[in-house]
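Close look at the chain arrangement
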Amino acid sequence: MNEADLKKLLKDLTWQEKVGQLIQLSGDFFSSEEALAVGPKQKLGITQETVDLAGSVLNVAGAKKTREIQEKWLQKSRHKIPLLFMADIVYGYRTVFPIPLGLGATWNPDLIKQAYRVTAAEAKASGVHVTFAPMVDLVRDARWGRCLESTGEDTTLNAAFARAMVTGLQHVELGKITGIAACVKHFAAYGAAEGGREYNTVDMSERRLREDYLPGYKAAVEAGSELVMTSFNTYDGIPVTGNEFLLKQILRDEWGFDGVIISDYAAVLELVAHGIAADEKEATLLAMNATNDIDMKTGCYAKQLEPLVREGKLDSKRIDDAVWRVLKLKNKLGLFEDPYRGASSEREQEMLLTEENRNLAYQVAAQSIVLLENKNHTLPLAKNHQKILLVGPYGDNQNLIGLWAIHGNTSDVITIKEAISQHVSSEQFHYTAGCEMLSDYRFLGEFGGSKDQLMRMPQAKREQALAEALRQGEKADVIIYAMGEHTMQSGEAGSRADITLPDVQKEFIQEMLALGKTNILITISGRPLVLTEEAKQMDAILQAWFPGTEGGRVLADILFGKINPSGRLSMSFPYSVGQLPIYYNGFQTGRPLNSKTHSGRFVSKYLDSPNAPLYPFGYGLSYSYVELSDLALDDVEMTEKLQVSVQVKNNSSRSVLETVQLYVQDIVGSVVRPNRELKKFKKINLEAQESATVHFTLTREDLYYYTKNMDFSVEAGDFNVFVGRNSRDTLQASFTLK
Ligand code: NOJ
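Residues numbered from 1 in each chain as written. Predicted model: local features only at pLDDT ≥ 70, side-chain atom pairs only at ≥ 80, totals over all residues. Heavy atoms only, no water.

1. Let's talk about the UniProt feature "domain: Fibronectin type III-like" (unreviewed entry) in the protein
Within the UniProt annotation, "domain: Fibronectin type III-like" (unreviewed entry) is assigned to residues 658-727. Secondary structure content for residues 658-727 is 0% helix and 57% strand, and the end C-alpha separation is 14 Å. (UniProt positions renumbered as here; feature names shortened; annotations may be inferred. Helix = DSSP H or I, 4+ residues; strand = E, 2+ residues; numbered from the N terminus.)

2. Description of unusual backbone geometry
In the segment running from Ala133 into Pro134, the intervening peptide bond is cis, with an omega of 0°. Structurally, Pro134 is set in the loop between β4 (130-131) and α8 (155-169). With a phi angle near 75°, Thr291 is a residue other than glycine that sits in the positive phi range. Its place among the elements puts Thr291 in the loop between α12 (280-289) and β10 (295-296). The backbone of Asp630 sits at a positive phi, close to 50°, despite the residue not being glycine. Tracing the chain through its elements places Asp630 in strand β17 (residues 626-633). Since its relative accessible area comes to 54%, Asp630 is described here as exposed. (Buried < 20%, exposed > 50% of the residue type's maximum accessible area, 1.4 Å probe, protein only.)

3. Quick word on helix α13 (residues 300-310)
When α13 is considered as a whole, its buried residues turn out to be Cys300, Tyr301, Gln304, Leu305, Pro307 and Leu308. Packed against the buried residues of α13 are α2 (15-21), β1 (23-26), α12, β10 and α14 (316-332). Downstream of α13 by one or two residues, Gly312 has phi in the positive range, about 75°. (Contact = heavy atoms within 4.5 Å.)

4. Quick notes on the site of the ligand
Taken together, 13 residues form the shell around the ligand, and within it Asp88, Arg146, Lys185, His186 and Asp264 come nearest. Contact between the ligand and Arg146: an oxygen atom at 2.7 Å from a side-chain N or O atom of the residue. Within the contact set of the ligand, an oxygen atom lies 2.5 Å away from a side-chain nitrogen or oxygen of Asp264. Within the complex, the protein chains bury 95% of what would otherwise be the 300 Å² of accessible surface of the ligand. Grouping the amino acids of the shell around the ligand by side-chain chemistry returns 6 nonpolar, 2 polar and 5 charged. (Near = heavy atom within 4 Å. Polar contact = N/O pair within 3.5 Å; in protein donor to acceptor, adjacent residues only side chain to side chain. Areas by Shrake-Rupley, 256 points an atom, 1.4 Å probe, with all protein chains shown as cover. Nonpolar A, V, L, I, M, F, W, Y, C, P; charged D, E, K, R; others polar.)

5. Things to note about the packing of aromatic side chains
Within this structure, the stated rule accounts for 18 aromatic pairs. Seen from their ring centres, Tyr615 and Tyr619 are 5.2 Å apart, and the 20° between their planes marks the pair as stacked. Taken together, Trp107, Tyr584, Phe617, Tyr663 and Phe681 form an aromatic cluster joined through their ring pairs. Above the ring of Tyr705, the side-chain terminus of Arg673 is found at 3.7 Å from the ring centroid. (Phe/Tyr/Trp six-rings, centres within 6.5 Å; stacked < 30°, edge-to-face > 60°. Lys NZ or Arg CZ within 6 Å of the ring centre and 35° of its normal.)

6. A few points about empty space enclosed by the protein
Counting across every chain of the model gives 4 cavities of 30 Å³ or more. Space inside the largest cavity adds up to approximately 50 Å³. Val664, Gln665, Asp666, Arg673, Glu677, Lys679, Asp702, Leu703, Tyr704, Tyr705 and Phe719 are the residues that line the largest cavity. Mapped onto the lining of the largest cavity, the elements with two or more residues apiece are β20 (656-666) and β21 (677-686). Of the residues belonging to the lining of the largest cavity, the class tally is 5 nonpolar, 1 polar and 5 charged. (1 Å grid on protein atoms, 1.4 Å probe; cavity = no way out; pocket = protein on both sides within 12 Å on 5 of 7 lines; lining within 4 Å. Points joined across faces, edges and corners; volume = space filled by probe spheres on them.)

Below, the structure is given as structure tokens:
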């Protein structure tokens, strides 16, 4: 539709029709059985008329279903304004990729762009127009369950992934049949919830906000993300959904974002619970004044917009602006010309979970899994002469796709057991679970219901399971433990205060260790766990995240050396929970551990834990030994740019993917600068024994930061450059910025 017609449409809308465009309801409201919607309607206090005018639908997918709903709604719509279908498709639609923390560990934004492209194509075939992704919340506290959805703790890396994900999703003009609109979330700083506790307060300096937390969202907006979702947290005492500083000043005015802002689920009404609005009316006014356009899943906008305007508290232009943005989005998606665009059962048949898509999921998982330990070259396993026992609750478990893969299907997943059995003979390989996932399921709460405890094995069965594992373990040379968190222990509302393996699994490991065999741990988790004990006990550890549809196959191929592991952590693995939050790019204190002026007790440290994490940011092993040497700068001074080079040598007989990481430290600034900050990285392939020179161009712009006066600029002075395979083990050089 051309702009003039769209403007005319806006003008022709009645008051109620306009408000309808700003309301998003979930699938139950759109059920064909009227009765089903009664409960939800009553809960929100809205009328059937409001439901009939709603502009968008939350989390309904599938070509047949979305087409049916659209068709029914268009019959009722006076102006034939199509519904927008929005859904949570965070790391794959039917073909499920590793969780985003695993995607972060690939350090390969180009590959992830392809993954999001595939995701968009699958979702579009199933009738989805907008996905609530990418999630780019920077996170430094592994207690927060939503680490799962983030690419990690680093600003530069997160921004690179944010760009890749948005361009992957929106890779063609949205009105064509494969791209879908991105909705970057959760703006802003949601990942900094105090204590890692879900929905908790966020409070930080504006400098930290702008420098560390905002660039990921900004990168997504610059890459063209059509929508932005507000976050649940407060910032500086004001919940984001009603926060004019964040939404209006930064997002709209400074960044020029003119797309749709949607509140997170019920976040408008939660302004009341936060204690910043007395009632729904005040909450609505705050959200509207902050330029939040769509109200997800509350009755606030539906009931309060009209009285607010009537009473002269809200300018009706604000409503027109919001509706205009929604209509523009629908138009951009080509829905006025074809409200079913791209959605058909035939296309679903053709496009979902194709061989090609599975191959891509395999490649991504292959680059996401991180080898944390490999003592005495335990891995890869020799195929012929070892007897292998696989144990653990994830050994024969198809649930390798994690909590947020709501459109994925666990039955598509090949288990670790099946995948290993394709490598070795049945005489050589045995599987027995040995232990349960958890000893207490009550935390599952509403998800599991009262029958949760029934999921526990009776005592006698538990003893039998252990006895069987010990009996099989006696006969084995190698024991592989497929352990980890229950799916419900991470993701939204999955905060944990103890982030070790569940007790029942740790106890089982202790029993098995007494057998004195070679021990290999595979960890399935939505966050960095504290693996300090396991690091001592195990001969090898593979951090597998929730690796997705192809995860089982990839793990087996890593175990037997078909894949040389190349994942690198995008989040530090703490040594102890007490260290949290922990991240590699902190400030130097006045009394650092290696202080020349203080010693003994009076330095910045814990009495009972090291300062350093167990595994630092950027860390990961491979089956090759890659050596870095000859770090060189083309000048000792920089005016506009500097060339940095380093020699990289693969001293092994297998090809390897290595990630070369470049960090910078501004030694003296008008405000204290981080010990080091990632500025550049390159993932390169080296054949057996191959050497290469890796080049980076460091520019003046790379050194910008928020100085004492909050100017985003640079200050002349001395800098260190560190280049290495992780953030800890690096070569060093220095230069002076003129
Ligand atoms: C709440 C979550 O915080 C958000 O990430 C999600 O997109 C919405 N619910 C919609 O399901």
